[in-house]
Amino acid sequence: MTYAITQTCCNDATCVAVCPVNCIHPTPEERAFGSTEMLHIDPRACIDCGACADACPVDAIFPVDSLSAGQREYADINAAYYEGAEPLAAEVDGPNFHAWGEPVFERNLPSDFGPLRVAVVGTGPAGMYAAQDLLLHTAAEVTLIDRLPVAGGLVRYGVAPDHPATKKVGDTFSRFHSHPRVRMHLGIEVGRDVTAEELSAHHDAVIYAVGASTDRRLGVPGEDKPGCLSATAFVAWYNAHPEAVAQGVDLSAERVVVVGNGNVALDVARILVADPEALAATDIAAHALDVLRASRVREVVVLGRRGPEDAAYTRSELLALKHVPGVELVVDDHDPRTAAAIDAAGAGDRAGVLKGLARVRTDAASPTGGERRIVLRFHSEVVEIRGEGDGVNSVRITDGGGTADLKAGLLLRAIGYRGIPVPGLPFDEASGTVPHEGGRVAGVPGSYVVGWIKRGPSGGIGANRTCAAETVGTLLADAVAGELPAPTGDAKAFRRLARQRNRRVVDARGLAAIDRAERDRGRRDGRPRVKLATVEELVATARSGRLLRLTR
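Calculation rules
- Residues numbered from 1 in each chain as written.
- Predicted model: local features only at pLDDT ≥ 70, side-chain atom pairs only at ≥ 80, totals over all residues.
- Heavy atoms only, no water.
- Helix = DSSP H or I, 4+ residues; strand = E, 2+ residues; numbered from the N terminus.
- Rg over C-alpha atoms; globule rule 2.2 N^0.38 Å.
- Buried < 20%, exposed > 50% of the residue type's maximum accessible area, 1.4 Å probe, protein only.
- Contact = heavy atoms within 4.5 Å.
- Pairing = 2+ DSSP bridges.
- Axes fitted to C-alpha atoms, helices over the stretch in contact; angles between N-to-C directions.
- Polar contact = N/O pair within 3.5 Å; in protein donor to acceptor, adjacent residues only side chain to side chain.
- Disulfide = S-S within 2.5 Å.
- Expected span 1.5 Å × (residues − 1).
- Core = buried A, V, L, I, M, F, W, Y, C linked by side-chain atoms within 4.5 Å.
- Salt bridge = Lys/Arg side-chain N within 4 Å of Asp/Glu carboxyl O.

(A) Just the overall build of the chain, in detail. Counting its regular elements, the chain contains 19 helices and 23 strands. A compact globule built from 552 residues should have a C-alpha radius of gyration of about 24 Å, and the chain, at 25 Å, falls within 12% of that. In terms of overall dimensions, the chain has C-alpha extents of about 70 × 70 × 50 Å along its principal axes. Looking at the chain residue by residue over its 552 residues, the buried ones come to 52%. Residue pairs at least 24 apart in sequence account for 75% of intrachain contacts in the chain once pairs closer than 6 positions are excluded.

Here's what the structure looks like:
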């Protein structure tokens, strides 16, 4: 028996480090790492030890013989990656299963290297991988800062609620929230409460992990109508982001158009037509669940400008979409190029996953009868969003050489994220990132970037691990070389400054109180947690829980 890596692979390569026979590839040392959608286990070399499954932070690894019907394709995907490759040679003159390379010690610091005080701005995966690297490999003291009064970032507010395994990576990060060398200041925003200069004055270095918090626009007439939303806003709404409008999404129409065909587009399409009672077992926002239960949406049309061979989603996410209970996945064949690309595709190609799906012509007037469905429509581009008054009632799209109007009551644009400027740091408007060299912010000594604000909105959760390793490596090299500016204030002075500027700062004990309260609310409703959805609720819960513990 062998193991296989499945849909929720996060690519952070924790499994690679524990495999005793080096049968998981590509590894971080290999050129292909980061270019594949997931990691793969070689069935010819796997010895069935299960170490990888134990180490996986997102529960993506299972024995092949225990895979569900919807997961069995992943056994073939893992095996196909190694087709034509030579089996790894075992060592003949030794007890090892595999010939290992020379050991590498990336954090080899001088013996007299003193502890650094480093601020990490952002508590999503990028920031926490950086904090983890510092805490595990150095004696650094870390200040965690987030503009929201709760930690988690993308894991809490970006991962779809029906992907609970992916959210488990948050458990890996949360163990560092109460680390003895960590100080937490949640609810502090750089540029609003403290300046970048003040932050640097109290720390040896500052790492900015602020992500890409806004979205790209279509630039077509009608885009500013209330019935046209960004996928960013919709995801925030169903994930109980405190800045999302609780009752701001109208699902009274039968059809929704989603522009873009990346993983986020597939996420929002799936949530729109999923069984609300299945979602009730997740941590989806309570207000979103109420609206979805009353929803009239029966069809979601996902538009892509190019053909299926160039789709932006990963094969694993598309495979999962084929197995959503009660939802039909079909392909619109309005353009002959779509069918030609699918028919010519190989088994390992993105377009090949679409083989066997029904091919239909989307009715421009209204969805057809039958079960709920998701329609993948390629070679289509939005040219106008139409509607009387403030609403949306149709979307004009390209259709071969002409145009067509699809009746729809809501349009969601999912065409990419974009970073926003950080006050006090340089910013590249073209790429939406902070200019850097290996993570070192250009022209601002002691300041560093990691994650999407560093490399742009590409790569999933696990990609931030190698990204953080590069940034932390650059920071430590600068420290060893004596190139970090000396701070003028200490940790206590920064704590006083933060609380003077914002009286509602949440610390680690307050965060623990929020976590307990949400889990308690979930237990009463038979859910993993019920999120607190406003800043006021989060701050009040943090204060009350902290005071309760102090009085016991």
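(B) View of the sheet that holds strand E12 (residues 299-303). An order of E10-E19-E11-E12-E15-E13-E14 is seen for the seven strands of this open sheet, with the pairing classed as parallel. Two strands lie at the open edges of the sheet, namely strand E10 (228-230) and strand E14 (358-360), each paired on one side alone. Put simply, the sheet's adjacent strands are angled 25° from each other on average, direction ignored. Two strands pair when backbone bridges link them, and strand E11 (residues 255-259) and strand E19 (residues 410-413) are joined in this way by four bridges, in the parallel orientation.

(C) Here's a closer look at the environment of Arg 361. Checked against the element boundaries, Arg 361 lands in the loop between E14 and strand E15 (372-377). Along the primary structure Arg 361 and Asp 335 are separated by 26 residues, whereas in three dimensions their C-alpha atoms are 9.7 Å apart. If we skip the residues at most four places from it in the chain, Arg 361 touches Asp 332, Asp 333 and His 334. For Arg 361, the side chain forms a polar contact with the side chain of Asp 333, separated by 3.1 Å.

(D) Broad picture of the state of the cysteines. Applying the stated rule across the entire model yields zero disulfides. Cysteine Cys 52 is unpaired, with the sulfur of Cys 49 as its nearest cysteine sulfur at 6.1 Å. Using a relative accessible area of 8% as the deciding quantity, one classes Cys 52 as buried. With no disulfide of its own, Cys 467 lies closest to Cys 10 among cysteine sulfurs, the gap being 15 Å.

(E) Broad picture of helix H16 (residues 463-480). A rise of 1.5 Å per residue sets the reference length of H16, with its 18 residues, at 26 Å; its end C-alpha atoms lie 26 Å apart and thus fit the reference within 8%. Among all positions in H16, only Asn 464, Cys 467, Ala 468, Thr 471, Val 472, Thr 474, Leu 475, Leu 476, Asp 478 and Ala 479 are buried. At the C-terminal side of H16, Gly 482 shows a positive phi close to 75°.

(F) Seen up close, the nonpolar core. Grouped together as the largest cluster of nonpolar side chains are 119 residues, with contacts concentrated most on Ile 24, Ile 207 and Tyr 238. Those residues in contact with Ile 207 that sit more than four places away from it in its chain are Val 118, Ala 119, Val 120, Val 121, Ala 130, Leu 134, Tyr 448, Val 450, Thr 471, Val 472 and Leu 475. Listed in part, the 21 residues of the second largest apolar core include Leu 199, Tyr 208, Phe 427 and Ile 453.

(G) The pairing of E15, seen in detail. With respect to burial, E15 is a largely interior element, five of its six residues being buried. The pairing of E12 with E15 spans five bridges and is classified as parallel. Bridge assignment links Leu 303 to a residue of E15, and that residue is Arg 377. In terms of strand pairing, strand E13 (residues 327-332) meets E15 through six bridges, oriented parallel. Counterpart to Glu 328 in the pairing with E15 is Arg 373.

(H) The pattern of salt bridges, seen in detail. Using the criterion set out here, one finds 38 salt bridges in the structure. Here Arg 296 ties to Glu 254 by a salt bridge, and the two come within 3.9 Å at their closest N and O atoms. With Arg 296 in the loop between helix H12 (286-293) and E12 and Glu 254 in the loop between helix H9 (231-238) and E11, the pair connects residues that are 42 residues apart, well separated along the chain. Given a relative accessible area of 48%, Arg 296 falls into the partly exposed group. The exposure class of Glu 254 is partly exposed, given its relative accessible area of 27%. Between Glu 299 and Arg 255 there is a salt bridge, with the nearest N and O atoms lying 2.7 Å from each other. Of this pair, Glu 299 sits in strand E12 while Arg 255 sits in strand E11; the two residues are 44 residues apart in sequence, bridging distant segments of the chain.

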